[in-house]
Number of protein chains: 2
Amino acid sequence: MTGPAEIHAHIYPQDRVSLREVGLRDGLQLVKAFPSSAAKHEWLVREHAAGVRHFEVGSFLPASRMPQFADVRDMIAAVSSLGGARSAALALNERGAADAVGTGLDEIVCVVSATEEHSQANMHRSRREAVELVGKVARLRDEKGHKAIVNAGISMAFGCSIAGEVDPAEVLRLAEACLVAGADIVGIADTVGFAGPRQVAELTAAMARLCGKHPFIVHLHDTRGMGIANASAALDAGCRVLDGSLGGLGGCPFAPGATGNVVFEDLVFLCETKGFPTGIDLDALMGARSIAESEMPDEQFYGSIARAGAPRVVAWRA
Amino acid sequence: MTGPAEIHAHIYPQDRVSLREVGLRDGLQLVKAFPSSAAKHEWLVREHAAGVRHFEVGSFLPASRMPQFADVRDMIAAVSSLGGARSAALALNERGAADAVGTGLDEIVCVVSATEEHSQANMHRSRREAVELVGKVARLRDEKGHKAIVNAGISMAFGCSIAGEVDPAEVLRLAEACLVAGADIVGIADTVGFAGPRQVAELTAAMARLCGKHPFIVHLHDTRGMGIANASAALDAGCRVLDGSLGGLGGCPFAPGATGNVVFEDLVFLCETKGFPTGIDLDALMGARSIAESEMPDEQFYGSIARAGAPRVVAWRA
């Protein structure tokens, strides 16, 4: 394994659960009308006040292609100004990586597709080239003496919208290749929400064996209603870093009308009921949700805690 | 344990999962406008064609109190006319039980509250009296030579909207008392959706120890979005009989705006991804859902499979 273990332990301690809020990146990927920078900033501040510490805030892509992330530098600066908060953003090519290390970004996120078909269709690169890019990003980071860690996420890790079934051995091979190439942390993503809890448990357990004492990330979508069950399975199988988005914001380009990421608020509730304190206040999180909802009135927000509230009369925290 | 084991094995075989559709009972408990008997019949026929075999279809209460179940006898007869289908209905007092054994009902469902407070408030009986009623129902069934099995469900088993926390030992004590009194099968219900998967796993495992080779039921609500995760935990812990309602129909009287039972369609998907064949066709189930939706246009129907469909390109059945 590459990357100093003490850095990982500091950022994503393995003795507790860390929740990464990806609503400001994955959540905004498909929205029809983008929130203003001011609203995104307020969303961030409110979530930070609620206890959220890990924010994925955008992607280094040309603003012409992804205008919702044109303010990614401002968002990174905004995260930096909040005590203890850490920013992550996607760099999907060399130019994006060069841009990223010109900012105060804490985590550069690279993506490697689990299948050759999806890699070519989505990234116009082979999987080998995508893994090589992870190495280039890590070297660039080192050359610039930049502080960011490099996060390599394996997309379509549980099934591919193009190639169909995905061999878990291929996912593990790619994750290991990313670590060898210089990634500090790897993740597995159910990009289109194909997985069930048994599949998540099996691949998560294999990732735990691969990563040893190093943390790794499980990124889930709720496309088919399995998001929370899959998160529960991932926790049971040893994952301690999970992604979610406020209100489950974010759709799925391959399943029209489908929900997005696993709902962040419900994920907090799940963790607490399982005896993993998150340090996140659910009521305060609802304030952040209100900001996002009022800024994007045409978007569907999901989540049962927002609807029903946490149980009032029961000590539901395990 | 009372009740002939071979009957249980026939009705709820422990080597596979049985799903009980409670939409026509629990799902209709709080709806604003009731579906017509004709629509309920069509719903039943469609679900049966999709492969559903266990139907909870009403409650033996005065029609003045629960007009949506005024046609419970017709519904029981309708189930009887479908090959291999089994009907269940609630009998919450002596008169209800007497009425039940006057029909072709296959399963008489009794309810015992986990807490004294809820028992008194909801049933106007002590828990002891509720357990005694289970015994009376079983004896009445025997006296009449009726075929029905007696199912005793422990409501509020994971937390009570009145008393708050519930001691799992009390739930187990009550479940055992019901079996001793004559229940053929017992169940635990998260009536108000307070549970998380860890709590479900623990109580389910304890129930599995209590019931040995006999089946038992876990009845979950999705009030706080944990329904599918809880069902997954129950399956992992050894439960083989789960309740759900079409479209997650049915609210929660103690959490306004909350969802109802765990969504039947998503439950089918969960089971299949976990390697438990249900014998239920998801596409055909959507036809039944259309009936219910068009009959109750003011009700909110839930479920992710209805929204996104099962994955088309992946062999998602484990």
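Rules used throughout
Residues numbered from 1 in each chain as written. Chains lettered and ligands numbered in written order. Predicted model: local features only at pLDDT ≥ 70, side-chain atom pairs only at ≥ 80, totals over all residues. pLDDT = per-residue confidence, 0-100. Least-squares fit on C-alpha atoms with pLDDT ≥ 70 in both. Contact = placed C-beta atoms within 7 Å. Helix = DSSP H or I, 4+ residues; strand = E, 2+ residues; numbered from the N terminus. Nonpolar A, V, L, I, M, F, W, Y, C, P; charged D, E, K, R; others polar. Pairing = 2+ DSSP bridges. Axes fitted to C-alpha atoms, helices over the stretch in contact; angles between N-to-C directions. Parallel < 35°, antiparallel > 145°, perpendicular 65-115°, else oblique. Buried ≥ 20, exposed ≤ 12 C-beta atoms within 10 Å, placed from the backbone. Core = buried A, V, L, I, M, F, W, Y, C linked by C-beta atoms within 7 Å. Expected span 1.5 Å × (residues − 1). Left-handed = near helix turned anticlockwise from the far one by under 90°. Right-handed = clockwise from strand over helix to strand, strands pointing away.

**Observations concerning the confidence of the model for chain A**
Piece 1. Averaged over every residue, the pLDDT of chain A is 92; the share at 70 or more is 93%.
Piece 2. Here the predicted complex scores 0.94 on pTM and 0.91 on ipTM.

**Structural notes on the relation of the copies chain B and chain A**
Piece 1. The operation relating chain B to chain A is a screw motion whose rotation component is 180 degrees, with 0.0 Å of axial translation and a residual RMSD of 0.0 Å. Classification of the inter-copy transformation places it as that of a two-fold axis. Taking C-alpha positions as the reference, the residue of chain B nearest the rotation axis is Ala229(B), at 1.8 Å.
Piece 2. When you check the interface residues of chain B against chain A, 100% turn up at the interface there too, and the contact is symmetric in its surfaces.

**Quick look at the environment of Val57(A)**
Piece 1. Relative to the helices and strands, Val57(A) resides in strand β2 (residues 54–59).
Piece 2. It is 6.7 Å that separates the C-alpha atoms of Val57(A) and Ser87(A), two residues lying 30 residues apart in sequence.

**Quick word on the interface of chain B and chain A**
Piece 1. At the junction of the two partners, chain B supplies 40 residues and chain A supplies 40 residues.
Piece 2. For the side of chain B that touches chain A, a count of residues per class yields 19 nonpolar, 14 polar and seven charged.

**Describing the sheet that holds strand β5 (residues 149–155) of chain B**
Piece 1. Read around the closed barrel, eight strands run β1-β2-β3-β4-β5-β6-β7-β8 (chain B), paired in parallel fashion. Between one strand and the next, the sheet's axes are offset by a mean angle of 30 degrees, whatever the strand orientation.

**Focus on the packing of helix α10 (residues 264–273) of chain A against helix α11 (residues 282–295) of chain A**
Residues and elements named next belong to chain A.
Piece 1. Interaxial distance between α10 and α11 falls to 10 Å at its minimum, and their mutual angle equals 170 degrees. By the angle class used here, α10 and α11 are roughly antiparallel. Listed contacts from α11 to Glu-265, Val-268 and Phe-269 of α10 are Leu-282, Leu-285 and Arg-289.
Piece 2. Here the contact of α10 with α11 is composed, by residue class, of four nonpolar, no polar and two charged.

**Examining the pairing of strand β5 (residues 149–155) of chain A**
Residue and element names in this part refer to chain A.
Piece 1. With respect to burial, β5 is a largely interior element, seven of its seven residues being buried.
Piece 2. Taken together, the seven bridges between strand β4 (residues 107–113) and β5 define a ladder with parallel strand orientation. Each bridged residue has a counterpart across the sheet, and for Cys-110 the counterpart in β5 is Ala-152.
Piece 3. As paired strands, β5 and strand β6 (residues 185–190) are joined by four bridges and run parallel to one another.

**What to know about the nonpolar core**
Looking at soluble globular proteins, one finds that nonpolar side chains tend to be buried together.
Piece 1. One finds Cys110(A), Val134(A), Cys178(A), Cys110(B), Val134(B) and Cys178(B) to be the most contacted residues of the largest nonpolar core, which totals 210 residues.
Piece 2. Non-local contacts of Val134(A), meaning those with residues more than four positions away in its chain, are made with Cys110(A), Val112(A), Val150(A), Ala152(A), Cys178(A), Ala181(A), Gly182(A) and Ala183(A).

**A word on helix α6 (residues 127–143) of chain A**
All names here are of chain A.
Piece 1. With 17 residues, α6 extends 24 Å from end C-alpha to end C-alpha; this agrees with the ideal 24 Å at 1.5 Å per step.
Piece 2. Taken residue by residue, α6 has Arg-127, Ala-130, Val-131, Leu-133, Val-134, Val-137, Ala-138, Leu-140 and Arg-141 as its buried positions.
Piece 3. Buried residues in α6 make contact with α4 (94–100), β4, α5 (116–123), β5 and α7 (168–181).
Piece 4. Looking at the residues trailing α6, positive phi occurs at Gly-145, about 60 degrees.

**Some points on the packing of helix α2 (residues 37–50) of chain A against helix α3 (residues 72–80) of chain A**
Residue and element names in this part refer to chain A.
Piece 1. The contact between α2 and α3 brings their axes to 10 Å, and the two run at 25 degrees. With respect to their mutual orientation, α2 and α3 come out roughly parallel. The handedness of the crossing between α2 and α3 is right-handed. The residues of α3 that touch α2, namely those facing Ser-37, Lys-40, His-41 and Leu-44, are Asp-74, Met-75, Ala-78 and Val-79.
Piece 2. Along the lines of polarity and charge, the residues of the contact of α2 with α3 split into four nonpolar, two polar and two charged.

**A look at the pairing of strand β7 (residues 216–219) of chain B**
All names here are of chain B.
Piece 1. Residues Phe-216 and Val-218 of β7 are buried on one face, and the alternating residues Ile-217 and His-219, pointing to the opposite face, are buried as well.
Piece 2. With respect to chirality, the unit in which strand β6 (residues 185–189) leads through helix α8 (residues 197–211) into the neighbouring parallel β7 is right-handed.
Piece 3. Note: β7 against strand β8 (residues 241–244), three bridges, orientation parallel. When the sheet's bridge partners are listed, Val-218 is paired in β8 with Leu-242.
Piece 4. Regarding the hand of the β-α-β motif, the stretch spanning β7, helix α9 (residues 227–236) and β8 is right-handed.

**Overview of the environment of Met207(B)**
Residues and elements named next belong to chain B.
Piece 1. Checked against the element boundaries, Met-207 lands in helix α8.
Piece 2. In this structure the C-alpha to C-alpha distance between Met-207 and Ala-50, which are 157 residues apart in sequence, comes to 30 Å.
Piece 3. With near-sequence residues (within four places) excluded, Met-207 lies in contact with Ala-175, Ile-188 and Phe-216.

**Re the sheet that holds β4(A)**
All names here are of chain A.
Piece 1. Judged by pairing direction, the barrel is parallel, and its eight strands sit side by side in the order β1-β2-β3-β4-β5-β6-β7-β8 before closing back on the first. This sheet shows a mean twist of 30 degrees between the axes of neighbouring strands, independent of strand direction.
Piece 2. Judged from the five bridges that link them, β2 and strand β3 (residues 86–90) form a sheet pairing that is parallel. Looking across to β3, one finds that Glu-56 is bridged to Ala-88.

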